[in-house]
Amino acid sequence: MPTEHIPGAVVALVKDGEIFFTKGYGYANVEKKIPVVPDKTLFGVASISKLFTGTAVMQLYERGWLDLNRDVNQYLKRFQIENPYPQPITLANLMTQTDGSSQRLFGIAAQTASQMVPLEEFIPDHMPPIVWQPGELYSYSNMGITLAGYLVEVISGVPFVRYIDENILRSLDMQRSTFLQPPPPSLASDLAVGYEYQDGRFQSLPFLYLNIAPAASLSATATDMAHFMIAHLQNGRYENSRILEEETAQLMHRQHFTHHPKLPGITYSFHERFENNIRAIGHLGSLRGYSSSLTLIPEQNIGLFVACNSFNGIHEKLSNQFLDHYYPVQKKSVPAKPLTNFEEQAARFTGVYCDVEYPRGTLASLGAVFGHLHVKSNGDGTLTIQTPEFFFSRGSVKRKLIPVEPLLFQRADNDAYTAFGEDSKGNINYLYNPIRSRISAFRKLPWYETIPFQLSLAGFCTVLFLSAGITWLVKSLSRRFRKQRFQDDRLTRLAWLVAGLVGILNLVFLIGLPLVAWRIGVWKLLYGVPAIIIVLLYIPPLTMGMTLGLPTITVLAWKNKNWSAIARSHYSLIAIAALAFIPFLVYWNLLGFQF
């Protein structure tokens, strides 16, 4: 905790239907020195909330009120989900994160309770586009499970928060847990304050009001979460109460999607992981000021819950070390025998891959660059996966892969597998589970989508925009101070005016957008797009309009004998840079107001 600058944490361990161990560590409130108490202190558990939403869906399925494989649009009355594919989106897709959508960032939170938007209004305005055929690819999405929560509300006729309280929390005696935002007065005073460590001290963070309540708004104590774990480990039963029938719970815990038979997949809401020859299911939760993890080991009837009141990765590290300590591998596996003659095919797999989990269709897609992986051939019949090294990262991660089947590889440092996917033409197009033990997917990028090309294009444009701005300013000042207006004809003055404005305005946009985003902070973008960014977004459409005139001006310049060859070439490069900047803006969703 001191190393990771964690103010407070809590652990709950259940075994064989009972709470085996609970303990609080550190402070729920640093300023007031209030300690963490397992059965009293509430933590925001973020995405672990999805397990409760999934449980609610399964309850309605059990009652015969819904069909998991029915088109969700048949249940929706106020709006419809646009789906360009023949395969319908189902509740099974929503719970397995295979509905074909992606993440959303802007507007998922509000600064006050009064500013929160009802689900029936929020979802149609913020649902991301369906970009893959439903059921084809795993892509983590808060909006998918938020839609599932709204369907619980629509089908049951009971508001989502009330439904969870009446049908799950009360049945499990989770008296100190709630989806309400903020928690009711009887619980609010015991909610652990979320912190981030800056400038050598803990700084408290405001409560985050989420418009995606079914996906992330649960606040709970460790003891209450222990009740939930016991219920699922006992196939729906807690003491004398049931939240699910045994058969329904078993159906929920069964794997329902995976990219390859030897890879971990996803159940109805729980993520699978295979560690030390043990199958575990669970979920992580990360939110500004909070981190948590819930891990169930059905074969051992064990459940582990960890939560902290800061954003960090200690909860995942602890669950990994727990498995290594109590369930170590008794017998090391025989090293995999690599496929023969693989080196001849290695080039098919090499390249750059991008995590499919990012906000597509919005300017927040700029964050996709942090999800890139490089796959390289080692020249000895194996591959290496490496994360990029950014100057602000904590170092890259490397994994050596040994081919054991045509599209399946074993990691050299453990028994886990990584797989690749191919299209109908036999071209490699996806990479599955490359780094971590949970399900994930990465898309292979064409050369023009890689960071080196995109940075080179941005650099080329920046240099030419800068030269255009400087040239225009120098010419303008020269005419003003020397009073030699007659030296430049009208075409020349117009040409450099347009080029100068395009260059300077594009530079303002290129420098201003990341600078403003950095100053504001990524977390604040959850509230929506600030006015200053909206103002900046007016620049690309304006400069694009002027850019479309540059080719004509360039042609006229080449016909103008008063221009030198160097001046003509320089202006041509500026026009090329301005034109090339347009597809760059389109690719990153920066042309227009896409948020």
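Presented here is an overview of the structure given in this document. A quick note: this is a predicted structure, and the numbers were derived from the prediction, not measured.

Secondary structure summary: the protein contains 17 helices and 23 strands in total. With respect to the three principal axes, the spread of C-alpha positions in the protein is 95 × 65 × 55 Å. The buried share of the protein, taken over its 595 residues, is 54%. Partitioning the intrachain contacts of the protein with sequence separation of at least 6 by distance along the chain shows that 66% fall at a separation of at least 24. Accessible area for the protein stands at about 27400 Å²; split by element, carbon and sulfur atoms hold 55% of it. Here the protein contributes 52 positive and 45 negative side-chain charges, whose respective centroids are spaced 13 Å apart.

Glancing now at the sheet that holds strand S13 (residues 278-287). Strand order across the open sheet formed by 7 strands is S3-S2-S1-S15-S14-S13-S12, with antiparallel pairing between neighbours. With partners counted over all chains shown, the strands left at the sheet margins are strand S3 (34-35) and strand S12 (271-275), one partner each. By the bridge criterion, 7 bridges tie strand S14 (residues 290-297) to strand S15 (residues 302-308) in an arrangement that is antiparallel. Within the sheet, the bridge partner assigned to leucine 294 lies in S15 and is phenylalanine 305.

Before going further, it helps to examine the packing of helix H1 (residues 49-62) against helix H8 (residues 222-233). For the pair H1 and H8, interaxial distance at closest approach is 12 Å and the crossing angle is 45 degrees. Taken together, the axes of H1 and H8 lie oblique to each other. The way H1 lies across H8 gives a crossing that is left-handed. Residue-level contacts link Leu51, Phe52 and Thr55 of H1 to Met225, Phe228 and His232 of H8. Across the contact of H1 with H8, the residue classes break down as 4 nonpolar, 2 polar and no charged.

A few words now on the environment of glycine 107. Take glycine 107: it is sitting in the loop between helix H2 (91-95) and strand S5 (109-110). Among the residues examined, glycine 107 registers a relative accessible area of 12% and is labelled buried. Aside from chain neighbours lying at most four places away, what touches glycine 107 is Phe122, His126, Asn211, Leu525, Leu526, Tyr527 and Gly528.

Right, let's get into a nonpolar patch on the surface. On the surface, a nonpolar cluster with roughly 350 Å² of combined accessible area is contributed by Trp447, Tyr448 and Phe453. Here phenylalanine 453 is to be found in helix H12 (residues 451-482).

Quick look at the sheet that holds strand S20 (residues 408-411) now. Pairing is antiparallel in the closed barrel, where 8 strands are placed in the order S16-S17-S18-S19-S20-S21-S22-S23. For this sheet, the mean inter-axis angle between neighbouring strands, taken without regard to orientation, is 30 degrees. Here strand S17 (residues 372-377) pairs with strand S18 (residues 383-386) via 4 bridges, running antiparallel. Residue serine 377 lies in a different strand from S18, and its bridge partner there is leucine 383.

This brings us to the packing of aromatic side chains. Scanning all chains against the criterion turns up 27 aromatic pairs. Their ring planes at 25 degrees and their centres at 5.5 Å tell us that phenylalanine 79 and tyrosine 150 sit as a pair that is stacked. Of this pair, phenylalanine 79 sits in the loop between H1 and H2 while tyrosine 150 sits in helix H4 (residues 142-156), and the two are 71 residues apart along the sequence. Side by side, phenylalanine 79 and tyrosine 150 carry an identical accessibility label, which is buried.

Omega for the peptide link from glutamine 181 to proline 182 comes to -10 degrees, which places this bond in the cis form. Inspection of the secondary structure assignment puts proline 182 in the loop between helix H5 (160-169) and helix H6 (185-188). For lysine 33, which is not glycine, the phi dihedral falls at a positive 55 degrees. Mapped onto the fold, lysine 33 is located in the loop between strand S2 (18-29) and S3.

We now examine the nonpolar core. Formed by 130 residues in total, the largest nonpolar core has its most connected members in Leu147, Met225, Leu294 and Phe305. Apart from the residues lying within four places of it in its own chain, the contact partners of leucine 294 are Ile48, Leu51, Met225, Phe228, Met229, Phe270, Ile281, Gly282, His283, Leu304 and Phe305. Counting 15 residues, the second largest nonpolar core, distinct from the first, contains Tyr353, Phe420, Ile428 and Leu431.

A full pass over the atoms with the stated rule returns 16 salt bridges. A salt bridge links glutamate 272 to arginine 279; its shortest N-O distance comes to 2.6 Å. The class of glutamate 272 is buried, set by a relative accessible area of 3%. Arginine 273 is the salt-bridge partner of glutamate 275, the closest N and O atoms lying 3.4 Å from each other. We classify arginine 273 as buried; its relative accessible area is 2%. The network of salt bridges with shared partners includes Glu316, Arg436 and Arg438.

On to the side chain of serine 47. With respect to the helices, strands and loops of the structure, serine 47 is situated in the loop between strand S4 (43-44) and H1. Judged by its relative accessible area of 9%, serine 47 falls in the buried class. In this structure, serine 47 is in contact with Tyr140, Asn142, Ala215, Ala216, His283, Leu284, Gly285 and Ser286, ignoring residues within four places of it in sequence.

A word on the side chain of histidine 372. Here histidine 372 lies in strand S17. Under the relative-accessibility criterion, histidine 372 is labelled buried at 4%. Contacts of histidine 372, omitting those with residues within four sequence positions, involve Val352, Tyr353, Cys354, Thr387, Pro388, Leu445, Glu449 and Ile451.

Mapped onto the elements, isoleucine 278 comes out in strand S13. Counting along the chain gives 253 residues from isoleucine 278 to alanine 531, while the straight-line C-alpha distance between them is 50 Å. When residues no more than four places from it in sequence are discounted, the contact partners of isoleucine 278 are Arg273, Ile297 and Tyr327.

Parameters at a glance
- Residues numbered from 1 in each chain as written.
- Predicted model: local features only at pLDDT ≥ 70, side-chain atom pairs only at ≥ 80, totals over all residues.
- Heavy atoms only, no water.
- Helix = DSSP H or I, 4+ residues; strand = E, 2+ residues; numbered from the N terminus.
- Buried < 20%, exposed > 50% of the residue type's maximum accessible area, 1.4 Å probe, protein only.
- Contact = heavy atoms within 4.5 Å.
- Areas by Shrake-Rupley, 256 points an atom, 1.4 Å probe, with all protein chains shown as cover.
- Lys, Arg positive; Asp, Glu negative; His and termini not counted.
- Charge placed at Lys NZ, Arg CZ, Asp CG, Glu CD.
- Pairing = 2+ DSSP bridges.
- Axes fitted to C-alpha atoms, helices over the stretch in contact; angles between N-to-C directions.
- Parallel < 35°, antiparallel > 145°, perpendicular 65-115°, else oblique.
- Left-handed = near helix turned anticlockwise from the far one by under 90°.
- Nonpolar A, V, L, I, M, F, W, Y, C, P; charged D, E, K, R; others polar.
- Patch = residues over 30% accessible without salt bridge, like charges linked within 9 Å, V, L, I, M, F, W, Y side chains within 5 Å.
- Salt bridge = Lys/Arg side-chain N within 4 Å of Asp/Glu carboxyl O.
- Phe/Tyr/Trp six-rings, centres within 6.5 Å; stacked < 30°, edge-to-face > 60°.
- Core = buried A, V, L, I, M, F, W, Y, C linked by side-chain atoms within 4.5 Å.

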